[in-house]
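Now for the letters of each chain:
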Amino acid sequence: MEQTTKWFAACRVEDAVENGGVSVKYGHDQIALFYFTRRNEWYATQNECPHRKQMALSRGIIGANGDEPKVACPFHKKTFSLTTGKCTSGDECAIKTYPVKVKDGLVYIGIEPLPHTSNTRIMADRW
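Enquirer: Even after reading the chapter, I still don't get the sheet that holds strand 2 (residues 20-26), so can you show me in this structure?
Expert: The pairing of strands in a sheet happens through backbone hydrogen bonds and is either parallel or antiparallel. If you trace the four strands from one edge of the open sheet to the other, you get 2-3-4-8, paired in antiparallel fashion. Bordering the open sheet on either side are strand 2 and strand 8 (97-98), each of which pairs with just one other strand. Alignment of strand 2 against strand 3 (residues 29-36), held across seven bridges, turns out to be antiparallel. By the bridge assignment for strand 3, Tyr 26 is matched with Asp 29.

Structure representation (structure tokens):
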């Protein structure tokens, strides 16, 4: 069964940090939203650093390696591609990325809905 992307409004364009990131809470997830003003581009990734397991990537420094936009974790400076999520510092880990679109002054982040399984939700609510 094919899944479709679900879009949610994350913030207004004017509320975004220029050339930086903000943390967006969606359900139980934290998503890092970046506005790369110099390139007029938007990116979204998981906010959790895969090394320290802390919600910190939204506070990282964004830049580019050639044409590849990246974010550096504020703790250990490991860098990740904002387009693919791949670690560009040589580690095997990667981060999740999300599509972003801007419409009518709002910034939307796209997520893939989880398959509906009531047993999974019930078990999660018990713990």
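Enquirer: Please explain the sheet that holds strand 5 (residues 61-65) as it appears in this structure.
Expert: In spatial order, the strands read 5-6-7; together these three strands make up an open sheet with antiparallel pairing. With one partner strand each, in any of the chains shown, strand 5 and strand 7 (79-81) form the two edges of the open sheet. Taking the axes of each pair of neighbouring strands and ignoring which way they run, one obtains an average angle of 35° across the sheet. Across three bridges, strand 6 (residues 68-72) lies against strand 7 in antiparallel orientation. Within strand 7, the position partnered with Ala 72 by the bridge is Thr 79.

Enquirer: What am I meant to see in the pattern of salt bridges here?
Expert: Where side chains of opposite charge bring their charged atoms close, a pairing between them can arise. Counted by the stated rule, this structure contains four salt bridges. As a salt-bridge pair, Arg 12 and Glu 14 come within 3.6 Å of each other at their nearest N and O atoms. Residue Asp 91 pairs with Lys 78 through a salt bridge whose shortest N-O separation is 3.5 Å. Residue Asp 91 is found in the loop between strand 7 and strand 8, and its partner Lys 78 is found in the loop between strand 6 and strand 7; the two are separated by 13 residues along the sequence. Via salt bridges that share partners, Arg 12, Glu 14 and Asp 15 belong to a single interconnected network.

What counts, and where the lines are drawn
- Within any chain, residue numbers begin from 1 and follow the written order of that chain's sequence.
- With the structure being a predicted model, the display of local features is reserved for residues of pLDDT at least 70 and the display and counting of side-chain atom pairs for 80 or more, all residues being used for whole-chain, interface and lining totals.
- The basis for every side-chain value is the complete set of heavy atoms in the structure, and neither hydrogens nor water enter the calculation.
- Between any two strands, pairing holds if DSSP finds at least two bridges.
- Secondary structure is summarised from DSSP: a helix means a run of H or I of at least four residues, a strand means a run of E of at least two, and numbering begins at the N terminus for each.
- To obtain an axis, a line is fitted to C-alpha atoms, over the contacting stretch when the element is a helix, and the angle between two such axes runs from 0 to 180 degrees between their N-to-C directions.
- For salt bridges, the criterion is a side-chain nitrogen of Lys or Arg within 4 Å of an Asp or Glu carboxyl oxygen.

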